[in-house]
Amino acid sequence: MRFPALPLLFLFLSASLSAQVELTPRFEALLEQAGLEFMTPVEARYRPARMERNPFQRCDYAMRSRMEKLEVRYIVKPYDAAAPLSGFPQVEAFRLAAHLATNDEGYVISERELDPAVLAKDFNADWGRQFFFHPKPHFADTRHCELLALHKAGRGTAFVLFLFDEPSRELGNRFYALRFEEDRPEEQ
């Protein structure tokens with residue numbers, strides 16, 4: 001008796017499609033405003049994470065994978081000519097890192113500039129930094145946070161916060177979570 005492969009393929013595809021992360025309309029609108037592409041993880045069973053109304057730091061979207069033991073939070077700030085810091089991503093990024101990092105004396109904030117070639121090729125961004133720190137307990141109950149800050153002139157700034165207890169290979173798999181879209185003809 002032969003078992004047809006086509007129904008198995010449809011079953012697999014429908015299961016993997018239902019496992020994709022569903023974005024909120026508000027987050028999708030912010031991505032569109034800033035001209036950002038969101039790379040949806042299709043493996044590791046990512047699910048939207050509950051975001052309690054935390055006055056300490058608002059995030060636009062969050063997702064979590066129990067399998068990878070990783071939570072990823074996003075903050076997207078579309079360019080706003082009237083906002084005083086909109087054109088100064090380095091100030092916004094360091095301010096956010098200092099706000100979220102623990103104040104304990106024994107901990108430091110590490111910062112690393114992203115290679116301009118990587119910024120251009122992988123993120124289509126003009127500026128980018130990585131920060132590593134221990135988050136304040138008001139923000140997260142994990143031991144570590146990696147903050148990826150990306151900026152594109154005239155588009156906006158995006159922050160991706162990776163929250164985890166132990167570094168793993170999976171963390172590198174999620175690094176390319178956002179990318180600025182290619183310039184539109186009217187923007188050139």
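Summarised in this report is the structure supplied together with it. From a predicted model like this one, the values you see are computed outputs, not experimental measurements.

Here's the deal with the overall build of the protein chain
Now for step 1: Helix and strand counts for the protein chain stand at five helices and nine strands.
Now for step 2: When the helices and strands of the protein chain are listed from N to C terminus, the series reads α-α-β-β-β-β-α-β-α-β-β-β-α-β.
Now for step 3: The long-range share in the protein chain, meaning contacts at least 24 apart out of those at least 6 apart in sequence, stands at 57%.
Now for step 4: Counting only carbon and sulfur atoms, one obtains 55% of the accessible surface of the protein chain, whose full area is about 11,500 Å².

Re unusual backbone geometry
Now for step 1: At Lys69, a residue that is not glycine, the phi angle is positive and equals roughly 55°.
Now for step 2: Note on placement: Lys69 falls in the loop between β3 (61-65) and β4 (70-78).
Now for step 3: Here the phi dihedral of Asn124 falls at roughly 50°; this positive angle occurs in a residue that is not glycine.
Now for step 4: Secondary-structure assignment places Asn124 in the loop between α4 (116-123) and β6 (127-133).
Now for step 5: Under the relative-accessibility criterion, Asn124 is labelled buried at 10%.

Some details on the pattern of salt bridges
Oppositely charged side chains are able to pair whenever their charged atoms sit close together.
Now for step 1: All told, the structure shown has 10 salt bridges when counted by the stated rule.
Now for step 2: A salt bridge links Lys121 to Asp122, with the shortest nitrogen-to-oxygen separation between them at 4.0 Å.
Now for step 3: Among the ionic pairs, Lys152 bridges to Asp126, the shortest N-O distance being 4.0 Å. Of the two residues, Lys152 sits in strand β7 (residues 144-152) while Asp126 sits in the loop between α4 and β6, which places them 26 residues apart along the sequence.
Now for step 4: Looking at Lys152, the relative accessible area reads 8%, which means it is buried.
Now for step 5: For Asp126, a relative accessible area of 46% translates into the label partly exposed.
Now for step 6: Residues joined in a network through salt bridges with shared partners are Arg26, Arg58 and Asp60.

Let's talk about α4
Now for step 1: At the N-terminal boundary of α4, the capping side chain belongs to Asp115, with an oxygen 2.6 Å from the backbone nitrogen of Ala117.
Now for step 2: Of the residues one or two after α4, Asn124 is the one with positive phi, at around 50°.

Considerations on the side chain of Asn124
Now for step 1: At 2.6 Å, the side chain of Asn124 and the backbone oxygen of Glu181 are in polar contact.
Now for step 2: Aside from chain neighbours lying at most four places away, what touches Asn124 is Leu119, Lys152, Arg179, Phe180, Glu181, Glu182 and Asp183.

So, the packing of aromatic side chains
Now for step 1: For the coordinates displayed, the defined rule picks out 10 aromatic pairs.
Now for step 2: When the ring of Phe27 is compared with that of Tyr74, the centres are 5.6 Å apart and the planes differ by 45°; the resulting orientation is tilted. Separated by 47 residues along the polypeptide, Phe27 in helix α2 (residues 25-34) and Tyr74 in strand β4 bring together distant segments of the chain. With respect to class, Phe27 is no different from Tyr74; both count as buried.
Now for step 3: Where Phe38 meets Tyr74, the ring centres are 5.3 Å apart and the plane angle is 70°; that geometry is what we call edge-to-face. Pair noted here: Phe38 is in strand β1 (residues 36-38) and Tyr74 is in strand β4, with a separation of 36 residues, a long-range link.
Now for step 4: Residue class for Phe38 comes out buried when judged on its relative accessible area of 13%.

About the thresholds
- Each chain carries its own residue numbering, running from 1 in the written order of its sequence.
- Where local features are concerned, this predicted model is filtered to residues with pLDDT of at least 70; where side-chain atom pairs are given and counted, the filter is 80 or more; whole-chain, interface and lining totals use all residues.
- The side-chain figures draw on all heavy atoms in the structure; neither hydrogens nor water molecules are used.
- Only DSSP runs of H or I covering at least 4 residues are called helices, and only runs of E covering at least 2 are called strands; the numbering of each starts at the N terminus.
- Any two residues whose heavy atoms approach within 4.5 Å are treated as being in contact.
- Surface accessibility in these figures is a Shrake-Rupley result with a 1.4 Å probe; residues are shielded only by whichever protein chains are displayed.
- Only protein chains enter the accessibility calculation, which uses a 1.4 Å probe. A residue is then buried if its area is under 20% of the maximum for its type, exposed if over 50%, and partly exposed in between.
- The salt bridge definition used is simple: a Lys or Arg side-chain nitrogen within 4 Å of an Asp or Glu carboxyl oxygen.
- In the analysis that follows, any N or O atom pair within 3.5 Å is treated as a polar contact, provided that within protein one partner can donate a hydrogen and the other can accept it, and provided that, for residues neighboring in sequence, both atoms belong to side chains.
- Whether two aromatic rings pair depends on their centres lying within 6.5 Å, for rings of Phe, Tyr and Trp, where Trp uses its six-membered ring; planes under 30 degrees apart make the pair stacked, over 60 edge-to-face, and the rest tilted.

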